Amino acid sequence: MALFSHVVKGLDQRGLAFLHVIEGQTGGTRDLPEGCDLGVLRSLFRGAYIANNGYDRDSAIAAVESGRADLVAFGRAFIANPDLVARLRQDAPLNAPDKTTFYGGGAEGYTDYPALAG
Ligand SMILES: Cc1cc2nc3c(=O)[nH]c(=O)nc-3n(C[C@H](O)[C@H](O)[C@H](O)COP(=O)(O)O)c2cc1C
């Protein structure tokens, strides 16, 4: 908290548009180290707070509606769903991401997930 409070205050002073926070371990657990309080870090930054890591439609809506976040970023869900925004709007099912094609270096897993029919 001491380090990140200092960093977030410094970023705030620079007038950046947003602070994007991977809450927990990237692509892993959302558990935070003991004593870590994201609400405190957020309060130190006057721009938009973008939350990330392990969100789904419901938890993203809850985060924004509660005021805990201004926006939510999706990583894996976006890789697996070329039309993620439309799917979220319609509350349509999502394609599951295939971990074996992450960081693959080719098109497979990046351009071949199906979009919603119609
Ligand atoms: C294949 C893959 C590539 C990624 N590349 C980047 C990257 O270049 N820069 C970055 O900040 N995060 C990168 N991430 C992390 C995501 O942006 C995001 O923080 C992480 O997947 C957690 O969000 P999610 O639960 O919505 O997937 C990558 C994740 C995956 C799965």
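Structure report, in brief.

Here is what the cut-offs are and how they apply
- Residues numbered from 1 in each chain as written.
- Predicted model: local features only at pLDDT ≥ 70, side-chain atom pairs only at ≥ 80, totals over all residues.
- Heavy atoms only, no water.
- Near = heavy atom within 4 Å.
- Polar contact = N/O pair within 3.5 Å; in protein donor to acceptor, adjacent residues only side chain to side chain.
- Areas by Shrake-Rupley, 256 points an atom, 1.4 Å probe, with all protein chains shown as cover.
- Nonpolar A, V, L, I, M, F, W, Y, C, P; charged D, E, K, R; others polar.
- Buried < 20%, exposed > 50% of the residue type's maximum accessible area, 1.4 Å probe, protein only.
- Helix = DSSP H or I, 4+ residues; strand = E, 2+ residues; numbered from the N terminus.
- Pairing = 2+ DSSP bridges.
- Right-handed = clockwise from strand over helix to strand, strands pointing away.
- 1 Å grid on protein atoms, 1.4 Å probe; cavity = no way out; pocket = protein on both sides within 12 Å on 5 of 7 lines; lining within 4 Å.
- Points joined across faces, edges and corners; volume = space filled by probe spheres on them.

## Thoughts on the site of the ligand
Near the ligand you find 13 residues, and of these N52, N53, G54, G75 and R76 are the closest. G75 places a polar main-chain atom, nitrogen or oxygen, 2.8 Å from an oxygen atom of the ligand. Here R76 contributes a side-chain N or O atom positioned 2.5 Å from an oxygen atom of the ligand. Here the ligand loses 65% of its free accessible area of 610 Å² to cover by the protein chains. Grouping the amino acids of the shell around the ligand by side-chain chemistry returns 6 nonpolar, 6 polar and 1 charged.

## Here's the deal with the pairing of strand β2 (residues 48-52)
Burial within β2 is extensive, with 4 of its 5 residues counted as buried. In terms of strand pairing, strand β1 (residues 18-22) meets β2 through 5 bridges, oriented parallel. Along β2, the bridge assignment pairs F18 with A48. A crossover connection joins β1 to the parallel β2 through helix α2 (residues 38-43); in handedness this β-α-β unit is right-handed. With 3 bridges joining them, β2 and strand β3 (residues 71-73) adopt parallel strand pairing. Bridge assignment links N52 to a residue of β3, and that residue is A73.

## Details of the layout of surface pockets
Roughly 460 Å³ of volume is contained in the largest pocket. G27, N53, G75, R76 and A77 are, among the 24 residues lining the largest pocket, the residues nearest its centre. When residues of the lining of the largest pocket are traced back to their parent elements, those giving at least two are α4 (76-80) and α5 (84-90). Take the lining of the largest pocket: its biggest share by element is 3 residues, from α4. The residue makeup of the lining of the largest pocket, split by class, is 12 nonpolar, 8 polar and 4 charged. In this structure, the second largest pocket occupies an estimated 270 Å³ of space. Surrounding the second largest pocket, 16 residues form its lining, F4, V21, I22, L38 and L41 being those nearest its centre. The set of elements that each furnish at least two residues to the lining of the second largest pocket consists of α1 (2-13), β1 and α2.

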